[in-house]
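A closer look at the structure
For reference, the chains in residue letters:
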Amino acid sequence: MFSTEEIPPDQIAGVEPLWAPFQQSFCVTRSINNLDSARTCPSLRTVTDALVRYIWQQEELPIIRWMELTSSRIEMVRAGLARHFGCDTDEISIVRNSTEALQILLLGIPLDAGDEVLTTTQDYGSMLAALEYRQRRDSVTVNRIDLPTPPESMDQIVDLFRQAITPRTRLILVSHMVNLTGQILPVARICDMARNQGIEVIVDGAQSFGHLNFKQADLKCDYFGTSLHKYMYAPRGTGMLFIRREKVAAVPPLMGGAIAGQGIDDIRKFEGVGIQSTARPLAIGEAVAFQDLVGPERKQARLYYLKQRWMDRFNRIDSMRINTRSEPEMSCGIGNFRIEGVDSGSLRDFLWDKHRIEVQNIGQFGSTIRVSANLYTTLSELDHFCDVIEDVAQKGLPDSYKKD
Ligand SMILES: Cc1ncc(COP(=O)(O)O)c(C=O)c1O
């Protein structure tokens, strides 16, 4: 692991031996090259070990005794998450994923008929679906900005939001990092602009928390939802909801199952979903400890380095179209590309069938591929992926993978 010496993060991002212990911290197999970590990242070994241990411990006790015993330890986990996000412990709810965190907000923040919600065409599908539901249920209007891919600049994105705001806009849903391309959006500037006009902003941080080095104050947001099973490497089925303290009372829980003694201004009210395993939330603690160990700044530098390594090579290929801006303020570990004339679904199938490389096929922007390497990825795995893609760009896919 890293020595305590202060070495600038970008100087160590590509020094492979320094990253070996982190690569070994995951229980991945080297016979599969998983470059789709943005969907759900493998958990850390320490996390899975703890999860299994906690499940066994849980089995030894009557569930209510176990829940009583662990509730104060879950508060320690909550405090660890709050420290990473830079907010108060009472502003963090531990939920099951981004979907739950964000839908509590999208379906719960009070809106009147005729109010407008502003979002983009590149926000996550199930969040857009929740807004459609809200539209039907409460007669609100949902407006979507068509984001350019790739955008020209952060200014261009802010301008698009500015132009789309109307006197009826009450709420904005914006992704901190677009899942399709890895594009980072200027959330703080959007929040500033919105607050000046009395508009609330929900930030979808599913792809950014544990990935980018930031705190709540950097985003200036009132509401934030994320999964912890992506870039935090916590157990599947863990997520985090942040609501600024003074806004908690106005948001109702999706399931009104408050835990005895909780008031409407207690953020734990969102966790009252009946009996569930507390092994999962407890094991988030191991993920938080790992995040401290690797350091958010160093981790961001490594993730950026991995993406740039393949992107720099692909940029030299004539038939390659890169859909993600490469500047560090515009993207980090996720990138999106397409090869002219190559169907992305067929390319994904070929990569998996012939090389056991997993990427995501994105149907938008004309048949594209999303790549998300992670801390477990070795440089030789990444370079092999680049070799394969260069070969496809040069020779095309084998006939059996070509579309008519
Ligand atoms: C931007 C974004 N929002 C929300 C989600 C939903 O995350 P989950 O399925 O973990 O709830 C995802 C999942 O990939 C995402 O990328």
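Report follows, based on the coordinates. None of these values were measured; they are calculated from a predicted model. (Residues numbered from 1 in each chain as written. Predicted model: local features only at pLDDT ≥ 70, side-chain atom pairs only at ≥ 80, totals over all residues. Heavy atoms only, no water.)

Looking only at helices and strands, the protein chain features 13 helices and 13 strands. Expected size for 404 residues packed as a compact globule is a radius of gyration near 22 Å; at 22 Å, the protein chain falls within 12% of this value. Looking at the protein chain as a whole, 54% of its 404 residues are labelled buried. Expressed as a percentage of contacts within the protein chain between residues at least 6 apart in sequence, the contacts between residues at least 24 apart total 72%. Only carbon and sulfur atoms are counted for the fraction: they give 50% of the accessible area of the protein chain, which is about 17000 Å². Looking at the protein chain, you have 45 positive and 52 negative side-chain charges, and the mean spots of the two groups are 2 Å apart. (Helix = DSSP H or I, 4+ residues; strand = E, 2+ residues; numbered from the N terminus. Rg over C-alpha atoms; globule rule 2.2 N^0.38 Å. Buried < 20%, exposed > 50% of the residue type's maximum accessible area, 1.4 Å probe, protein only. Contact = heavy atoms within 4.5 Å. Areas by Shrake-Rupley, 256 points an atom, 1.4 Å probe, with all protein chains shown as cover. Lys, Arg positive; Asp, Glu negative; His and termini not counted. Charge placed at Lys NZ, Arg CZ, Asp CG, Glu CD.)

On to the pattern of salt bridges. Counted under the stated rule, the structure contains 35 salt bridges. With a shortest N-O distance of 2.9 Å, Arg 78 and Glu 75 are connected by a salt bridge. Pair noted here: Arg 78 and Glu 75 are both in helix H4 (residues 63-85), with a separation of three residues, about one helical turn. Classification of Arg 78 as buried rests on a relative accessible area of 1%. Looking at Glu 75, the relative accessible area reads 23%, which means it is partly exposed. With a shortest N-O distance of 3.0 Å, Lys 220 and Asp 192 are connected by a salt bridge. With a gap of 28 residues between them, Lys 220 in the loop between helix H9 (216-219) and strand S7 (223-227) and Asp 192 in helix H8 (residues 187-196) connect regions that are remote in the sequence. What makes Lys 220 partly exposed here is its relative accessible area of 33%. Connected through shared salt-bridge partners, Glu 75, Arg 78, Asp 88, Asp 90, Arg 245, Asp 266, Arg 268 and Glu 271 make up one network. (Salt bridge = Lys/Arg side-chain N within 4 Å of Asp/Glu carboxyl O.)

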